[in-house]
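An overview of the molecular structure
Residues per chain, in single letters:
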Amino acid sequence: SSMRAVLAWCAAAGTMRDVSLEEAADLVRGQLGYEVPNLVGVAAWTSDGAPAVVETYPLRRHHHKVAVEPFPTLFWLSDRRLAAAVAAVEARGGVTEARDDARARPTVLADLTLVHARYKRRRAALLTPDDHRLIEDRGWTASIHDVGVAGLTDATDVKCLHAHYASFLVDVADGTDPANPIGRWVHDRLPPDIRRLAGDDDAVVAETHDPSSSL
């Protein structure tokens, strides 16, 4: 199916929000310097009005190519300030530390299991009926339907804090509970100005989780 038909389907499903796709595409292009061909919309915003997280369609069709490819990453950080701050946490060994903390806490692992399942459901809900059939025909079921945040199939594993933080920001924006606990762990370790940029003006997250604590 064409991307125009895909986006019409997404709009009807209520996945577009706040601005038109054209406006969102212009804003994201200005941030990244290139067009995201499978952009669905902006899923979370910064406190100064920039896209924080973009939502992308599970299949990617390039305008200049006929080919289509699976794209399981549903949410990703488009704001370079947020991305750089998360990269700094990763550089300090954050992936290993977050994984170890999560594995030591059964309640966190239970929340992560719910987060991964919710992520899969939302991704599947974006797909048109034609694209569901295409995925089955191409043998892409595992790469599209079976992976959660950061492409993970094991809820006890952690990788790519950027993906987890993007998921967390969307959970917060949507008022979804539980919010991604790995993303929350990352948030607590970001500088105060970055947490405010992410919309934490009243420091609700910081008050309920000591930044020096584990999950």
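Up top is the structure these notes are about.
This section reports on the structure supplied with the text. (Residues numbered from 1 in each chain as written. Predicted model: local features only at pLDDT ≥ 70, side-chain atom pairs only at ≥ 80, totals over all residues. Heavy atoms only, no water.)

**Structural notes on the overall build of the protein chain**
- Counting its regular elements, the protein chain contains 11 helices and 5 strands.
- Looking at the 215 residues of the protein chain, the share that counts as buried comes to 49%.
- Contacts spanning at least 24 positions in sequence make up 63% of the contacts within the protein chain whose residues lie at least 6 apart.
- Working note: accessible area of the protein chain is about 9900 Å², and carbon and sulfur atoms make up 54% of it. (Helix = DSSP H or I, 4+ residues; strand = E, 2+ residues; numbered from the N terminus. Buried < 20%, exposed > 50% of the residue type's maximum accessible area, 1.4 Å probe, protein only. Contact = heavy atoms within 4.5 Å. Areas by Shrake-Rupley, 256 points an atom, 1.4 Å probe, with all protein chains shown as cover.)

**What to know about the sheet that holds strand β1 (residues 39-45)**
- Taken in spatial order, the 3 strands make up an open sheet running β1-β2-β5, and their pairing is antiparallel. In this open sheet, the two strands that pair with only one neighbour each are β1 and β5 (75-77). When the angles between neighbouring strand axes are averaged without regard to direction, this sheet yields 30°.
- Where β1 and strand β2 (residues 51-56) come together, 5 bridges link them in antiparallel fashion. Within the sheet, the bridge partner assigned to V42 lies in β2 and is V54.
- Its contacts with the sheet put helix α5 (residues 106-126) on β1, β2 and β5, and the angle it makes with β2 is roughly 60°. (Pairing = 2+ DSSP bridges. Axes fitted to C-alpha atoms, helices over the stretch in contact; angles between N-to-C directions.)

**Digging into helix α8 (residues 161-174)**
- Between its terminal C-alpha atoms α8 stretches 20 Å, which fits the 20 Å expected from 14 residues at 1.5 Å a residue.
- Counting buried residues along α8, 10 of its 14 residues qualify, which places the element largely inside the surrounding structure.
- Among all positions of α8, only L161, A163, H164, Y165, A166, S167, F168, L169, V170 and D171 are buried.
- Backbone geometry just after α8 places G175 at a positive phi near 70°. (Expected span 1.5 Å × (residues − 1).)

**Notes on the packing of helix α3 (residues 80-91) against α8**
- Packing of α3 against α8 leaves a shortest axis separation of 9 Å and a crossing angle of 130°. In terms of orientation, α3 and α8 fall into the oblique class. The handedness of the crossing between α3 and α8 is right-handed. Here L82, A83, V86, A87, V89 and E90 of α3 come into contact with α8, specifically with L161, H162, Y165 and L169. (Parallel < 35°, antiparallel > 145°, perpendicular 65-115°, else oblique. Left-handed = near helix turned anticlockwise from the far one by under 90°.)

**Regarding the pairing of β1**
- Taking burial as the measure, the 7 residues of β1 include 6 buried ones, the bulk of the element.
- Adjacent in sequence and paired antiparallel, β1 and β2 are bridged by 5 residues, among which G49 carries a positive phi angle near 85°.

**Regarding unusual backbone geometry**
- The residue after D177, namely P178, is reached through a cis peptide bond having omega 0°.
- Position of P178 relative to the elements: it lies in the loop between α8 and α9 (181-188).
- Phi angles above zero are rare outside glycine, and A150 is one such case at about 65°.
- Among the structural elements, A150 can be located in the loop between α7 (141-145) and α8.
- Look at A150 and you get buried, because its relative accessible area is 17%.
- Not every positive phi belongs to a glycine, and C160 is a case in point at roughly 50°.
- For C160, a relative accessible area of 35% puts it in the partly exposed group.

**Considerations on the packing of aromatic side chains**
- Counted by the stated rule, this structure contains 2 aromatic pairs.
- Ring centres 5.7 Å apart and planes at 85° place the aromatic pair F75 and Y119 in the edge-to-face group. Pair noted here: F75 is in strand β5 and Y119 is in helix α5, with a separation of 44 residues, a long-range link.
- Judged by its relative accessible area of 4%, Y119 falls in the buried class.
- With a centroid separation of 5.9 Å and an interplanar angle of 20°, the aromatic rings of Y165 and F168 are classed as stacked. In this pair, Y165 and F168 both sit in helix α8, 3 residues apart, roughly one turn of the helix. Grouping residues by exposure puts Y165 and F168 together as buried. (Phe/Tyr/Trp six-rings, centres within 6.5 Å; stacked < 30°, edge-to-face > 60°.)

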